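Observations on the model geometry
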Amino acid sequence: MPGTERIEITGPYGDRYDEILTPQAIDLIAALHAELGPRRSELLAARRRRQAQLSAGAMLDFLPETQSIRDDPSWRVAPLAPGLVDRRVEITGPTDKKMTINALNSGANVWLADFEDANTPLWDNMITGQLNLKDALDRTIDYASDEGKEYALGPDDELATIVVRPRGWHLDEKHILIDGKRASGSLVDFALYMATSAQRQLEAGKGPYFYLAKNESHLEARLWNDAFNLAQDALGIPRGTIRATVLIETIPAAFEMEEILYELRDHSAGLNAGRWDYLFSVIKKFRTRGREFVLPERNSVTMTAPFMRAYTELLVKTCHRRGAHAMGGMAAFIPSRRDAEVNAKAMAKVREDKTRESQDGFDGSWVAHPDLVPLCQEIFDGVLGTNPNQLGKLREDVSVTAQDLLAVSKTPGVITEAGLRNDISVALQYLANWLGGNGAVAIFNLMEDAATAEISRSQVWQWIHNDVRLDDGTLVTRDLVERLIDDELSKIRALTGEDFDAERYGQAVALFTEVALADDFADFLTIPAYERMP
């Protein structure tokens, strides 16, 4: 594989990889790491220190040292960028060929091309995903299914705008070594897209746009902003060309929304309510703090829970005050063409969810399946009309305190054996698929990704370690969970039949046991999972 004196690429070489792993791309990876690598390490260490403080009894609050930024009414983010003015419907999904074509053709305004939670970071997935984006921009991409169905791009003016989501700061790319150490997955994904496709995006009248995942502080946003400036300078692109939307999907970031927009203000395209990872973050950060921070089973936690309402309303107010888009959360339901009753009930929930978001002032929202694009568009059309967004809806009626954001104990709902079983079954099915190379998995009519798997396993860990009882009085213990793992695995085997992969599910059980039943809590299940793949 190509490399330099400092960079060694250890991944196997595949067809057309040289179109992505170009000398320019490799040089950019090296330059970004030389400048930003030590700060990335420091910020990850800062996460660990904050977790230790929270576990010892500290509480989150708005930062006193950045009060002046929050109080200054004068600053705004950059003007809206071409292709990102109207974002009423965004579709998300991994960057395989079929999804690339279907997402771009879906009728959505934006496609979140995902190298993160809906993707498994197999080396081939990471490089061929970049190739698929390049080919889509060149209009040379096509796909034929095993059944003979052919897929091709529609007219340019009907295609969604591509917005790439790189991996979070915590993830490495083990197939690229810099001075013998693993590269940052974030910087690799970002650099490869910038070197390969940024100019193509500009020639198409748009630009290189990104979604930034798993950020926990404004200092992490500052690191991204510096990466943007370094890359733009290196590639001869004007500063401010890049635009980024930050997912507010960790509870520490909810206390730093204004500061995050401020750090990225020359490159900001807004904030997104990444609600599934947000729930995971709440559990993770306060996992040892007793019943005050124990959530009900995951399927009963809705966006109407007081602490979730506080989070989303603060997000809209914060964004619109600064001229930035506020993007709503994911509708993960997968429409069923076999069960009309299930379909009707689920579509009603999606409609209710998107109606609430549109009326709260969000400028658009996410869906996981093309069949949900028309419903989401209809709902936002009803509020927006011919307007491209709701930036004028300032939500000055909203007032959110730190206590509101932390009011987890006010969440209605129960913890049942069925809820515990669902967590176990979803996690096992997802992990088996993830280890096989698929990061977006349809389970029980929902599109599951790493975020929902994280909720499942972290709830189990929290319930065991906080002496939680089910609604029938049963204490949640490791022994109980191990018995239910065997039960749920038997059900999966019966449903799967001849397609059941015993080896893969054996790996999934081992991984789930590691991240849900061990004494120590793994910060992210994707880290030990990554070590189990080539």
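My aim in this report is to walk through the structure given alongside it, one point at a time. Remember, predicted model here, so these are calculated numbers, not experimental data. (Residues numbered from 1 in each chain as written. Predicted model: local features only at pLDDT ≥ 70, side-chain atom pairs only at ≥ 80, totals over all residues. Heavy atoms only, no water.)

**Re the sheet that holds strand β8 (residues 181-184)**
Pairing in this open sheet of 3 strands is antiparallel, and the strands run β1-β7-β8 from one edge to the other. On the outer flanks of this sheet lie β1 (7-9) and β8, each paired with one strand and no other. Strand-to-strand twist of the sheet, defined as the mean angle between neighbouring strand axes without regard to direction, takes the value 55 degrees. Seen against the sheet, helix α5 (residues 185-203) touches β7 (172-178) and β8 and runs at an angle of roughly 55 degrees to β8. (Pairing = 2+ DSSP bridges. Helix = DSSP H or I, 4+ residues; strand = E, 2+ residues; numbered from the N terminus. Axes fitted to C-alpha atoms, helices over the stretch in contact; angles between N-to-C directions. Contact = heavy atoms within 4.5 Å.)

**Structural notes on the packing of aromatic side chains**
In this structure the tally under the stated criterion is 18 aromatic pairs. Here F190 and F210 contribute two aromatic rings whose centre-to-centre distance is 5.1 Å and whose plane-to-plane angle is 65 degrees, an arrangement assigned as edge-to-face. Residue F190 is found in helix α5, and its partner F210 is found in strand β9 (residues 209-212); the two are separated by 20 residues along the sequence. Relative to F293, the ring of F286 has its centre 4.1 Å away and its plane inclined at 10 degrees; by these criteria the two rings are stacked. The exposure class assigned to F286 is buried, which follows from its relative accessible area of 0%. Residue F293 is classed as buried on the basis of its relative accessible area of 1%. (Phe/Tyr/Trp six-rings, centres within 6.5 Å; stacked < 30°, edge-to-face > 60°. Buried < 20%, exposed > 50% of the residue type's maximum accessible area, 1.4 Å probe, protein only.)

**Remarks on unusual backbone geometry**
Even without a glycine there, the phi angle at K214 is positive, about 65 degrees. Looking at K214, the relative accessible area reads 4%, which means it is buried. A positive phi angle, near 50 degrees, is found at D467, a position not held by glycine. If you trace the backbone, D467 turns up in the loop between α15 (450-465) and α16 (478-496).

**Observations concerning the pattern of salt bridges**
Going through the model one piece at a time under the given rule, you end up with 49 salt bridges. For R87, the salt bridge is made with E90, and the minimal N-O distance between the two is 2.7 Å. There is no split in this pair, since R87 and E90 are both buried. Residues joined in a network through salt bridges with shared partners are D114, E116, D117, R165, K214, E249 and D277. (Salt bridge = Lys/Arg side-chain N within 4 Å of Asp/Glu carboxyl O.)

**Some thoughts on the pairing of strand β11 (residues 268-273)**
Of all 6 residues that make up β11, 6 are buried, and the element is covered over most of its length. Where strand β10 (residues 243-248) and β11 come together, 5 bridges link them in parallel fashion. Paired with A244 across the two strands is S268, which belongs to β11. The sheet contact formed by β11 and strand β12 (residues 326-331) spans 2 bridges and is parallel. Residue pairing for β12: N272 is matched across the bridge by M327.

**Here's the deal with α5**
With 19 residues, α5 should cover 27 Å at 1.5 Å per step; its first-to-last C-alpha distance of 27 Å lies within 8% of that length. Remark: the principal bend of α5, roughly 50 degrees, maps to S197. For α5, the tally of buried residues reaches 15 of 19 residues, placing the bulk of the element in the interior. Where α5 starts, the residue carrying a side-chain oxygen 3.2 Å from the main-chain nitrogen of S186 turns out to be S184. (Expected span 1.5 Å × (residues − 1). Bend = angle between axes of the 7 residues up to and from the residue. Polar contact = N/O pair within 3.5 Å; in protein donor to acceptor, adjacent residues only side chain to side chain.)

**Let's talk about the packing of helix α14 (residues 417-435) against helix α17 (residues 502-516)**
The geometry of α14 relative to α17 is characterised by a closest axis approach of 8 Å and an angle of 120 degrees between their N-to-C directions. On the basis of their axis angle, the class for α14 and α17 is oblique. Viewed along their axes, α14 and α17 form a crossing whose handedness is right-handed. Contacts between α14 and α17 pair I424, A427, L428, Q429, L431, A432 and L435 from the former with R504, Y505, Q507, A508, V509, L511 and F512 from the latter. Tallied by class, residues from the contact of α14 with α17 come to 11 nonpolar, 2 polar and 1 charged. (Parallel < 35°, antiparallel > 145°, perpendicular 65-115°, else oblique. Left-handed = near helix turned anticlockwise from the far one by under 90°. Nonpolar A, V, L, I, M, F, W, Y, C, P; charged D, E, K, R; others polar.)

**Quick word on the side chain of T66**
Counting through the fold element by element, T66 comes out in the loop between α1 (23-55) and α2 (67-71). Discounting chain neighbours no more than four positions away, the residues touching T66 are H218 and E259.

**A closer look at the nonpolar core**
Of all hydrophobic cores here, the largest spans 122 residues; its most connected members are W111, F190 and I248. At 10 residues, the largest contribution of residues to this core is made by α1. In this view, I248 contacts A253, A254, M257, I260, L271, N272, A273, G274, Y278, Y311 and L315; residues no more than four positions away in its chain are not counted. With 43 residues, the next largest nonpolar core counts V468, L480, Y505 and Y530 among its residues. (Core = buried A, V, L, I, M, F, W, Y, C linked by side-chain atoms within 4.5 Å.)

**A few points about the state of the cysteines**
Evaluation of the coordinates by the stated rule reveals 0 disulfides. Counting only cysteine sulfurs, C376 is the nearest neighbor of C319, a cysteine outside any disulfide, at a range of 17 Å. You can call C319 buried: its relative accessible area is 0%. (Disulfide = S-S within 2.5 Å.)

**Considerations on the packing of helix α4 (residues 123-138) against α5**
Packing of α4 against α5 brings their axes to within 10 Å, and their N-to-C directions diverge by 10 degrees. Regarding the angle of α4 to α5, the classification is roughly parallel. Residues M126, I127, Q130, L133, K134, L137 and D138 of α4 touch α5, and the partners they reach there are D189, L192, Y193, T196, S197, R200 and Q201. Of the residues assigned to the contact of α4 with α5, the class counts are 6 nonpolar, 4 polar and 4 charged.

**As for the side chain of Q429**
Counting through the fold element by element, Q429 comes out in helix α14. Leave out the neighbours within four places in its chain, and Q429 touches I443, F444, I492 and Y505.

**Some words on helix α9 (residues 275-285)**
The α-helix advances 3.6 residues per turn, and as a result positions three or four apart in sequence lie on the same side. Most of α9 sits out of view: 10 of its 11 residues are buried. Where α9 is concerned, the buried positions are R275, D277, Y278, L279, F280, S281, V282, I283, K284 and K285.

**A word on the environment of A522**
For A522, the position within the fold is in the loop between α17 and α18 (526-530). Aside from chain neighbours lying at most four places away, what touches A522 is R457 and V515.

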